[in-house]
Amino acid sequence: MRKWLALVLGAALLAGCAAAPADSPAPSAAQSAVQSETAQTAATPAPTADTKAEQTAVLDGFVAFGADTAGGSLKTAQAAAKLVEYLSVSDLEVDVMTDWRAGLTDDQQAMLDLNWPGILAEAQAICEDPAAQADELSAAGVETDFSGMELGEVPGKLAAVDGVLGQ
């Protein structure tokens, strides 16, 4: 009787295990679903960073150092890299830039006047030839691979930012 009970329970377990794969999609169907999801993800553009706080964080980096101080060139490269990264996925809104600039102290405005030309030049250089800037960016601690990014629209966006901040 015990053997018979063990045999029935074992058969029930095996039947349960055999039924489970029938409920799940066939391997080819599961593979198709993954491929479809991957294709959809690849076709969907990266989310844009468009909040005022994110824009302000980028702008704050322009006045967080003095270009004429020790390490200023590396900090300039960091600020430029952050700007190019941001502009590759979004825009800096004119209203945000104008409000941010209006809220600067005299010292911060002096830092912006000192730092902006170098940040702009470095950002333009990153867009023109990312590979040529790789060593300097690496020395500055920037890990972004700009050569793998789509930067075609960034120079025009940099010109727009310069129109507001370079006054």
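Worth saying up front: this structure is predicted, and the values here are computed from it rather than measured.

The rules we used
Residues numbered from 1 in each chain as written. Predicted model: local features only at pLDDT ≥ 70, side-chain atom pairs only at ≥ 80, totals over all residues. Heavy atoms only, no water. Phe/Tyr/Trp six-rings, centres within 6.5 Å; stacked < 30°, edge-to-face > 60°. Helix = DSSP H or I, 4+ residues; strand = E, 2+ residues; numbered from the N terminus. Buried < 20%, exposed > 50% of the residue type's maximum accessible area, 1.4 Å probe, protein only. Core = buried A, V, L, I, M, F, W, Y, C linked by side-chain atoms within 4.5 Å. Contact = heavy atoms within 4.5 Å. pLDDT = per-residue confidence, 0-100. Arc of directions from axis to C-beta.

A separate point is the packing of aromatic side chains. In total, this model carries 1 aromatic pair according to the counting rule given. On the numbers, 5.4 Å between centres and 50° between planes, the contact of Phe62 with Trp116 is tilted. Here the residue Phe62 occupies a position in the loop between helix H3 (52-60) and helix H4 (72-89), and Trp116 occupies one in helix H6 (residues 106-128), the gap between them amounting to 54 residues. By relative accessible area, Trp116 is classed as buried at 3%.

Membership of the largest hydrophobic core comes to 35 residues, with the highest contact counts inside it found for Phe62, Leu83, Trp116 and Leu165. Counting residues per element, the ones that place at least two in this core are H3, H4, helix H5 (94-102), H6 and helix H8 (154-165). Among all residues touching Trp116, those that are not within four sequence positions of it are Phe62, Leu83, Val161, Asp162, Leu165 and Gly166.

On to the confidence of the model for the protein chain, then. Residues at a pLDDT of 70 or more form 70% of the protein chain, whose mean pLDDT is 79. For the protein chain, per-element mean pLDDT is lowest for helix H2 (residues 27-43), which scores 41, and highest for H6, which scores 97. When the criterion is pLDDT under 50, residues 1-49 qualifies, and its contacts beyond four places in sequence or with other chains add up to 8 contacts.

Moving on, we get to H5. Along H5, the residues that are buried comprise Val96, Met97, Trp100 and Arg101. Buried residues of H5, viewed axially, fall in a sector of 125°; they line one side. Of the exposed residues in H5, those oriented more than 90 degrees away from the buried face are Asp95 and Ala102. Check the buried side of H5 and you find it contacts H3, H6 and H8.

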